[in-house]
Amino acid sequence: MKKVLASVFIFAFIFGGAQVSEFQRADSRYERKKTALYNKYPKPNDLRTKKEWLLTEDKITAYKTALDKASLDDQKMIAADPPVKTKLTKEAEYDKGKAAFQKLIYEAVDLDFLNFSSDTYKATMTFVVDSKGNALYPQVKGNNEDVNAFIEAAFYRIKDKGKWKPAEDKGKPVSSSVSISLALNFKK
């Protein structure tokens, strides 16, 4: 069983980095095509606006595809170490504090290209911290699925920028669910 768990963790580590590069590739492709579009149509017009929106849709699709892959990898790890349902003696903790984790998420979310119509976006992020301290499987609940996807992508971008201490049940580390409220402010 330990060999299986070790294999799953190694597999997830390798593919975790691959997921971040998928987001970076989508960003790079979007920026490259947007630059070409702006070079072709230097002044705003209806055609440029329409083509820019199509580029945005492509970026959103690429992010969601990468999230689907990451989600499947995370679900395999969670199946090997499922969250406990009982009352915990100690909740999972981020080594720099929950506020620092929220700040990292806020800094990693890039939504300027969406031209979102609201100043603030409120959502709740739920994820699993397994018994080894790995943060897995983010699920964001908010009123816009595209914005939620980019928040989930931000989670994967920052998940190696700190360490989670697993929850404990009677002194033993256990896998648990963590929920964090988010309020993102958009630049105008």
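To keep things clear, this report deals only with the structure shown in the data block. Keep in mind that this is a model prediction, so the values were computed, not measured.

Procedures and definitions
- Residues numbered from 1 in each chain as written.
- Predicted model: local features only at pLDDT ≥ 70, side-chain atom pairs only at ≥ 80, totals over all residues.
- Heavy atoms only, no water.
- Phe/Tyr/Trp six-rings, centres within 6.5 Å; stacked < 30°, edge-to-face > 60°.
- Helix = DSSP H or I, 4+ residues; strand = E, 2+ residues; numbered from the N terminus.
- Salt bridge = Lys/Arg side-chain N within 4 Å of Asp/Glu carboxyl O.
- Axes fitted to C-alpha atoms, helices over the stretch in contact; angles between N-to-C directions.
- Parallel < 35°, antiparallel > 145°, perpendicular 65-115°, else oblique.
- Left-handed = near helix turned anticlockwise from the far one by under 90°.
- Contact = heavy atoms within 4.5 Å.
- Buried < 20%, exposed > 50% of the residue type's maximum accessible area, 1.4 Å probe, protein only.
- Pairing = 2+ DSSP bridges.
- Nonpolar A, V, L, I, M, F, W, Y, C, P; charged D, E, K, R; others polar.

Description of the packing of aromatic side chains
And then number 1: Applying the stated criterion across every chain yields a total of 11 aromatic pairs.
And then number 2: Between the aromatic rings of Phe23 and Tyr156, the centroid separation amounts to 6.5 Å while the plane-to-plane angle is 35°, which identifies the pairing as tilted. Within this pair, whereas Phe23 is found in helix 1 (residues 2-40), its partner Tyr156 is found in helix 4 (residues 145-158), the two being separated by 133 residues in sequence.
And then number 3: Both rings, one in Phe127 and one in Phe155, keep their centres 5.1 Å apart while their planes meet at 50°; by these two values the pair is tilted. Within this pair, whereas Phe127 is found in strand 2 (residues 120-129), its partner Phe155 is found in helix 4, the two being separated by 28 residues in sequence.

Let's talk about the pattern of salt bridges
And then number 1: This model, assessed by the stated rule, comprises six salt bridges.
And then number 2: Two residues, Lys64 and Glu145, come together in a salt bridge whose shortest N-O distance is 2.8 Å. Taken together, the positions of Lys64 in helix 2 (residues 46-80) and Glu145 in helix 4 put the pair 81 residues apart, joining distant regions of the chain.
And then number 3: When salt bridges with common partners are traced through the structure, they connect Asp27, Lys59 and Arg157 into a single cluster.

Concerning the packing of helix 2 against helix 4
And then number 1: For the pair helix 2 and helix 4, interaxial distance at closest approach is 10 Å and the crossing angle is 55°. On the basis of the axis angle, helix 2 is oblique to helix 4. The chirality of how helix 2 crosses helix 4 is left-handed. Side by side, helix 2 and helix 4 meet where Lys59, Ile60, Tyr63, Lys64, Leu67, Ala70, Ser71 and Asp74 of the first sit next to Glu145, Asp146, Ala149, Phe150, Glu152, Ala153, Tyr156 and Arg157 of the second.

Quick notes on the side chain of Gln102
And then number 1: Mapped onto the fold, Gln102 is located in helix 3 (residues 98-108).
And then number 2: Overall, the relative accessible area of 19% leaves Gln102 in the buried class.
And then number 3: Ignoring anything within four residues of it in the chain, the contact list for Gln102 reads Ile180, Ser181 and Leu182.

Let's talk about the sheet that holds strand 2
And then number 1: Taking strand neighbours across the sheet as the criterion, the three strands line up as 3-2-7 in an open arrangement whose pairing is antiparallel. Every other strand in the sheet has two partners, leaving strand 3 (135-141) and strand 7 (176-185) as the edge strands with one partner each. Neighbouring strand axes in the sheet, compared pairwise and without regard to direction, differ in orientation by 25° on average.
And then number 2: Judged from the 10 bridges that link them, strand 2 and strand 7 form a sheet pairing that is antiparallel.

Structural notes on the packing of helix 3 against helix 4
In helix packing, the relevant descriptors are the interaxial angle and the interaxial distance, both defined with respect to the helix axes.
And then number 1: Put simply, helix 3 and helix 4 touch, their axes get as near as 8 Å, and they point 115° apart. It follows from the interaxial angle that helix 3 and helix 4 lie roughly perpendicular. Remark: the crossing between helix 3 and helix 4 carries right-handed chirality. The segment helix 3 lies against helix 4, with Phe101, Leu104, Ile105 and Ala108 engaging Ile151, Ala154, Phe155, Arg157 and Ile158.
And then number 2: The class makeup of the residues in the contact of helix 3 with helix 4 is eight nonpolar, no polar and one charged.

Brief notes about unusual backbone geometry
Keep in mind that most residues, glycine aside, have a negative phi and that most peptide bonds are trans.
And then number 1: The phi torsion at Tyr137 lies on the positive side, around 55°, for a residue other than glycine.
And then number 2: Considering the arrangement of structural elements, one finds Tyr137 in strand 3.
And then number 3: Using a relative accessible area of 23% as the deciding quantity, one classes Tyr137 as partly exposed.
And then number 4: With phi around 55°, Lys170 is a residue other than glycine that occupies positive phi space.
And then number 5: Positionally, Lys170 belongs in the loop between strand 5 (167-169) and strand 6 (172-174).

A closer look at the environment of Glu168
And then number 1: With respect to the helices and strands, the residue Glu168 is situated in strand 5.
And then number 2: For the pair Glu168 and Leu88, spaced 80 residues apart in sequence, the C-alpha to C-alpha distance is 6.1 Å.

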